[in-house]
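Chain by chain, the residues:
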Amino acid sequence: VYANPIILNNDPTRKLGMVYLFQDVTKVKKLESVREDFVANVSHELKTPLTSIKGFIETLKDGAIEDKKVSHKFLNIIHVEVERLDCLVNDLLLLSEIESKNRDLVYEYFDVKEAIEDLFQFLDKIAEKKDIVLEKEIEKDIPEVYGSYNYFKQMLMNLVDNAIKYTPSGGKVKILAFKEGKDLTVQIKDTGIGIDKKHQDRLFERFYRVDKARSRQVGGTGLGLAIVKHIVLIFNGTLDLESAPNEGSIFTIKIPLNNNEYFRG
Ligand code: ADP
């Protein structure tokens, strides 16, 4: 903390009074370091696929293009890396939109069942490809929720997508939604690889991953849970995780059903 004396009249020889301006420098420093870490992380995340794309294009130009089989393989790799960059940039844009107050969104009352069913068909196809059973259990007559329908779906999408990604073939993922007191509770349960306690506190930080190589292999951007955390906050909700290695995970979101009364938008 530092104090900055300000002289209150124009004549510095006549010191009538002083105001001390206190600023918490540690807080400013911390914010600065978080920002620097974020820029460093983004640069690294962009650099990795770019280096790979550059390398394969150079090899193709150096002659590999003549071999149809090899060039086909390299083009596929380039395609995967470009998709990765596309997902990363989309998640970065979404995160910055969610974090800024200038969101151009529609806030409305919406039906939770409809939101889940809207997503279910799309997610079920992804689950099926991996031989994972996707189930849903939605209580009847859940009151409508106030907020952004799109953000609500995005939050579910990220959690179910992770559940599928981190559950081996033959496993199960379940979406539950029910009313509990004054809250709507949504749970995403999976029978996947689980998460050790020591990682659980940091899991919602941007780019934090338990296993970098695995996340890269399954196509993760490292921003999915940071996006979920922010959306839950916008809904004035809470987020909870129960998990242990090899015992699956349960992500629980609670949203107050009367949240329109103090909606932050
Ligand atoms: P990613 O794009 O890497 O999946 P996320 O922010 O969505 O990034 O998740 C952060 C990390 O949390 C993941 O890299 C993974 O290690 C872990 N994780 C998230 N969801 C699950 C889950 N359902 N089961 C096991 N691990 C998970």
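Residues numbered from 1 in each chain as written. Predicted model: local features only at pLDDT ≥ 70, side-chain atom pairs only at ≥ 80, totals over all residues. Heavy atoms only, no water.

An unreviewed UniProt entry lists the protein under the name histidine kinase, with Anaerosalibacter massiliensis given as the organism.

Peer 1: Account for the pattern of salt bridges, naming residues and giving values.
Peer 2: One pass over the structure, following the stated rule, counts eleven salt bridges. In this structure, the salt-bridge partner of E99 is R206, at a minimum N-O distance of 3.3 Å. In this pair, E99 sits in helix α2 (residues 68–99) while R206 sits in the loop between α5 (197–200) and α6 (212–217), placing the two residues 107 residues apart along the sequence. Judged by its relative accessible area of 35%, E99 falls in the partly exposed class. For R202, the salt bridge is made with E205, and the minimal N-O distance between the two is 2.9 Å. Look at E205 and you get partly exposed, because its relative accessible area is 36%. (Salt bridge = Lys/Arg side-chain N within 4 Å of Asp/Glu carboxyl O. Helix = DSSP H or I, 4+ residues; strand = E, 2+ residues; numbered from the N terminus. Buried < 20%, exposed > 50% of the residue type's maximum accessible area, 1.4 Å probe, protein only.)

Peer 1: How would you explain the pairing of strand β7 (residues 183–190) if you had to name every residue and give the values?
Peer 2: By the criterion of burial, β7 is predominantly enclosed, with six of the eight residues buried. One ladder, built from eight bridges, connects strand β6 (residues 172–180) with β7; its direction is antiparallel. By the bridge assignment, L176 is partnered in β7 with Q187. Two strands pair when backbone bridges link them, and β7 and strand β9 (residues 249–256) are joined in this way by eight bridges, in the antiparallel orientation. Its bridge partner lying in β9, L184 is registered against I255. (Pairing = 2+ DSSP bridges.)

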